[in-house]
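# Per-entry structural report
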Amino acid sequence: MSDVALVRGASRLVAALAIVIVLGLVGFAAVWSVRPPAARDAGASGFSAQRAFEQVEAIATEPHPVGSAAQGRVRDHLVSALRGLGLSPEIQDTVSIEGGELSSSAGGAALAHVRNVVTLIPGSDSTGRIFLVAHTDSVQIGPGANDDAAGTAAILEIARALAGGPRLRNDVVLVLTDGEEACLCGAKAFVDQHPLAQSLPNQRSGIALNLEARGSSGPAIMFETAADNRALVDVYAHAPKPVGTSFAVEIYRLLPNDTDFTAFREAGFTGLNAAYIDGAAVYHAPTDLPSAMDLDSLQHHGDNALAVTRDLGGRDLSALTSSDDATYFPAPGLLVRYPGELVWPLAGLALVAVIVLGWLARRQGRTTGRKLAGASIVTLLPIIVAPVLAQLFWPLLEAIRPEYAAMPIDPYRPGWYRLAVLALTATVVFAWYAWFHRSRRAGPVALAVAGLGWLAVLGLALAGTMPGGSYLGALPALAGAVAGIVALLVRGRWPVLAIAAGGAIAVIILLPTVIMLFPALGMPTAGAGAFLAVLLGLALLPVIELLHPVAAGQRGLDALRARRRATAPTLAALLATVLCTAVGLSVDRFDAEHPALTQLMYALDTDSNTAQWLSDEPSVQKWTSQYVSGDPHTVNATLPAFGPEKMRTGQAQAASVPAPNLTLESDTRSGDRRVLKLRLQPRRQVRLTTLHVESGVTVTAATVGGRELPADKLEVKEKDGPWGFGIVFHAPPAEGVEVTLTVKASGPVKFRAMDGSDGLTALPGFQSRPAAVGIAASHTSELLAVAKTYTL
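Residues numbered from 1 in each chain as written. Predicted model: local features only at pLDDT ≥ 70, side-chain atom pairs only at ≥ 80, totals over all residues. Heavy atoms only, no water.

## Quick notes on the overall build of the protein chain
Counting its regular elements, the protein chain contains 23 helices and 24 strands. A globule of 792 residues ought to have a C-alpha radius of gyration of about 28 Å, and the protein chain, at 29 Å, matches this closely. Referenced to the eigenvectors of the C-alpha coordinate spread, the extents of the protein chain come out at roughly 95 × 65 × 50 Å. Within the protein chain, the proportion of its 792 residues that are buried is 59%. (Helix = DSSP H or I, 4+ residues; strand = E, 2+ residues; numbered from the N terminus. Rg over C-alpha atoms; globule rule 2.2 N^0.38 Å. Buried < 20%, exposed > 50% of the residue type's maximum accessible area, 1.4 Å probe, protein only.)

## Regarding the sheet that holds strand β19 (residues 707-708)
Within a sheet, each strand pairs with its neighbour through backbone hydrogen bonds, oriented either parallel or antiparallel. Here five strands make up an open sheet; going across it, the order is β15-β16-β21-β18-β19 and the pairing antiparallel. With partners counted over all chains shown, the strands left at the sheet margins are β15 (661-670) and β19, one partner each. One ladder, built from five bridges, connects strand β18 (residues 699-704) with strand β21 (residues 737-744); its direction is antiparallel. When the bridges of β21 are listed, Val699 appears paired with Val743. (Pairing = 2+ DSSP bridges.)

## Here's the deal with unusual backbone geometry
Cis geometry marks the peptide bond from Asp147 to Asp148, where omega comes out at 5°. For Asp148, the location among the structural elements is in helix α5 (residues 145-163). The backbone of His284 shows a phi angle near 60°, a positive value even though the residue is not glycine. For His284, a relative accessible area of 12% gives the class buried.

## Here we look at the state of the cysteines
Enumeration according to the criterion identifies one disulfide in this entry. What pairs with Cys183 in a disulfide is Cys185, and their sulfur atoms sit 2.0 Å apart. Judged by the sign of its S-S torsion, about -125°, the bond between Cys183 and Cys185 is left-handed. Comparing Cys183 with Cys185 shows no difference in burial state: the two are buried. (Disulfide = S-S within 2.5 Å.)

## Concerning the pattern of salt bridges
Summed over the entire model, instances satisfying the criterion amount to 28 salt bridges. A salt bridge links Asp41 to Arg51; the nearest nitrogen and oxygen atoms lie 3.5 Å apart. One end of the pair, Asp41, is in the loop between α2 (9-32) and α3 (49-59); the other, Arg51, is in helix α3, with 10 residues separating them in the sequence. Through salt bridges with shared partners, a single network forms among Asp41, Arg51, Glu157 and Arg160. (Salt bridge = Lys/Arg side-chain N within 4 Å of Asp/Glu carboxyl O.)

## Observations concerning the environment of Gly142
You can see Gly142 is positioned in the loop between β3 (129-135) and α5. Under the relative-accessibility criterion, Gly142 is labelled buried at 1%. Placed 143 residues apart in sequence, Gly142 and Ala285 show a C-alpha to C-alpha distance of 5.1 Å. Residues within four places of Gly142 in sequence aside, it is in contact with Pro63, His64, Ala285 and Pro286. (Contact = heavy atoms within 4.5 Å.)

## What about the packing of aromatic side chains?
Going through the model one piece at a time under the given rule, you end up with 19 aromatic pairs. Between Phe264 and Phe269, the aromatic rings sit 5.5 Å apart at their centres with planes inclined by 70°, giving edge-to-face as the arrangement. Residue classification places Phe269 among the buried positions, given a relative accessible area of 1%. On the numbers, 6.3 Å between centres and 80° between planes, the contact of Tyr412 with Phe590 is edge-to-face. You can see Tyr412 sitting in the loop between α15 (380-400) and α16 (415-436) and its partner Phe590 sitting in the loop between α23 (568-587) and β10 (596-598), a full 178 residues away along the chain. When the ring centre of Trp32 is taken as origin, the NZ or CZ atom of Lys241, which lies over that ring, is 3.9 Å away. (Phe/Tyr/Trp six-rings, centres within 6.5 Å; stacked < 30°, edge-to-face > 60°. Lys NZ or Arg CZ within 6 Å of the ring centre and 35° of its normal.)

## Things to note about the nonpolar core
Counting 98 residues, the largest nonpolar core has Val421, Trp432, Leu447, Tyr471 and Leu541 as its most contacted members. Grouped together as the second largest cluster of nonpolar side chains are 59 residues, Ala149, Ala154, Ala213 and Tyr276 included. (Core = buried A, V, L, I, M, F, W, Y, C linked by side-chain atoms within 4.5 Å.)

## Regarding the confidence of the model for the protein chain
Confidence along the protein chain averages 93 in pLDDT terms, with 95% of residues attaining 70 or more. Across residues 2-9, confidence stays below pLDDT 50; counting only partners more than four residues off in sequence or on other chains, it has 22 contacts. (pLDDT = per-residue confidence, 0-100.)

## Concerning α15
Between its first and last C-alpha atoms α15 spans 31 Å; for 21 residues at 1.5 Å apiece the expected length is 30 Å, and the two agree. Among the residues making up α15, those that are buried are Pro382, Ile383, Ala386, Pro387, Ala390, Phe393, Trp394 and Leu397. Where α15 is buried, its residues touch α14 (369-378), α16, α17 (444-465), α20 (526-539) and α23. (Expected span 1.5 Å × (residues − 1).)

## Comments concerning a nonpolar patch on the surface
On the surface, a nonpolar cluster with roughly 540 Å² of combined accessible area is contributed by Leu380, Leu381, Ile384, Val385, Val388, Leu389 and Leu392. By the element assignment, Leu381 lies in helix α15. (Patch = residues over 30% accessible without salt bridge, like charges linked within 9 Å, V, L, I, M, F, W, Y side chains within 5 Å. Areas by Shrake-Rupley, 256 points an atom, 1.4 Å probe, with all protein chains shown as cover.)

## Quick notes on the pairing of strand β6 (residues 221-225)
Of all five residues in β6, five are buried; the element is thus mostly enclosed. Note: β6 against strand β7 (residues 270-276), four bridges, orientation antiparallel. In the strand pairing of β7, Ile221 is matched with Ala275.

## Some remarks on the packing of helix α13 (residues 343-363) against α17
For the pair α13 and α17, the least separation of the axes is 9 Å and the interaxial angle reads 160°. The angle between α13 and α17 falls in the class roughly antiparallel. Pair α13 / α17 crosses with left-handed handedness. For the pair α13 and α17, the contacting residues are Val343, Trp344, Ala347, Gly348, Ala350, Leu351, Val354, Leu357, Gly358 and Ala361 in the first and Val445, Val449, Leu452, Gly453, Ala456, Gly459, Leu460, Ala463 and Gly464 in the second. Along the lines of polarity and charge, the residues of the contact of α13 with α17 split into 14 nonpolar, five polar and no charged. (Axes fitted to C-alpha atoms, helices over the stretch in contact; angles between N-to-C directions. Parallel < 35°, antiparallel > 145°, perpendicular 65-115°, else oblique. Left-handed = near helix turned anticlockwise from the far one by under 90°. Nonpolar A, V, L, I, M, F, W, Y, C, P; charged D, E, K, R; others polar.)

## A short note on the packing of α16 against α20
α20 packs onto α16 with a crossing angle of 40° between their chain directions and a minimal axis gap of 9 Å. Taken together, the axes of α16 and α20 are oblique relative to one another. By crossing handedness, the relation of α16 to α20 is classed as right-handed. Residues Val421, Leu422, Thr425, Val429 and Trp432 of α16 touch α20, and the partners they reach there are Ala526, Ala530, Ala533, Val534 and Leu538. Residue composition of the contact of α16 with α20, by class: nine nonpolar, one polar and no charged.

As structure tokens, this is what we get:
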């Protein structure tokens, strides 16, 4: 390491140029490893993105939420397509309770009337079942071309390839679910009620492969697994182009997100969850059109899913078990993986290697204990400063362009902004290094050792908290420390080669994760990507040292020139930050195809015949400001279905829209308890209906649509306001929903009934949006709610 630091003149320039070229090529290969393959026609036995895209175009013609007529047309198309393959699809028509926690927070226990399309492709000697899962419904405002017509179409194309090929050993079940966007109710209905899920000898012999999308482009990332995933990860590693990281699994487990895979995982099934996630500006929006889809992403989705299905289809699934999670990450040409039992040993070995490196450097007189201690402290500066500045970058962009505040995850064209964040991170690292690498308190060797030390410490910390992410610190630290030890012990060209090898390993490990993390968390959390980029910078400090001229022994003008050249990397990175930001603002403009997003709702209280506009925009947009104003506040006094959510409101004209009926069909009294049989019936076409009981009345049992609610769904999570227990029923039938409640009450009980439809254009006072203004991705966007109080 010290020999690298002491290379001077032409040799130093040649070494720096050579290493930069090598690392550039390695970086290109690392980025390529997380790029989707090009769309192609793989013949009758393979997956064709073009064939699948034809199904996307047939499915995503219009919004088709659960219970809508449009969803009925999608279901008919799916049944016809499957029958055309010689298969025998069936409709699972049932009522189900929610499959995750998301709907519970919306003001009550969620249920839905769902119609899943289920198809069995029987195996020759099945040892278990492979469930290919995708949801067929969309949100209420968008056609859902990517989310999740892509997954549904991919399964249809996979079914075509399987039906036309050799029979697999194991059963394959196509589970095309309904009601995912509303409450995950379709997947929950399947795992709880369907014989193909219930008849397995044990749930672990059922493997769910869920296909999702949260954007319009990028690689299909395997981002979630069930517990003890090592055996399945080994199978996935043999897919045509496996892209995934155990760090993503750890991150996703911390996020309040659910997909259909949640229902399978919580029911005890094992499996994998994959999605492409870049281009997230179209997520849940009217712009999620077939034309927005990148066919390369669809190809990647299908290639991997078909290959994994065929691989699993020929195995003894009862023997596919493991007792731990794998650590894994992408590298050029493969998915690197190792057992979870190696996480702690590798993390510990990395720290030991760094300690040995520091001891050796000190023994050779390359640094001192005081410098190592000082470097350890000052190395915290870029680790803290760069993520903080990156985190402030998005608020700065929002101040320049207020419309960004309504973007859910990313702007339409985030690429230049991501480059700006990376350039900003490089600016911080270069400036910090230029200041301290000649400092008497640190020096290049001490800084390099300290940087690797913090990587090793991070590896240990993650081993204890997020084991799947420990490799991000431990492996670059181990590689860098070994390279540094070699550089200190050998002469000639070997130190440069060792440093290049250590840097290449760091690039392979960290750069793909940086690339994947930006679209995963979005620009509002750009600090996370900057943090990993800083780690990469610390691992590359010996390379950065070669970019700085050696000023030792120089005086006067030569020394001044050397110091100026030392600032060149910092100034170049700063200039790149400014230029990338300026280009980003220039190219990412709003227009009819990329509209600024706005969110608006309307609520009518028939008790008082008053109405109001509502919006949950974090910063009220110009178009929305004509309807709402003031500070956000709760509205659960009149609209308990919205729970504790805060919104801005504004007065609206009362429209002539009927409230739902609530009728008492029977009332059985026993002491202080009443068993009330109610019918909640909308009087118009609606997407959902809700019912809430007055606060202070305890509900001890509830059956909704024939489904008894479990005890945990009877608990009232938010007690603010006059209303307590509640239900949200999606896709209610025309005849209404039968609700039976057992309550602790001897006298009259108040109920608040509400239903909601979609579309505001016919309401009095509504002004159509301009061409460059669109609808925000929200499950309540364009909701027309009507509520009424009943006393029974």
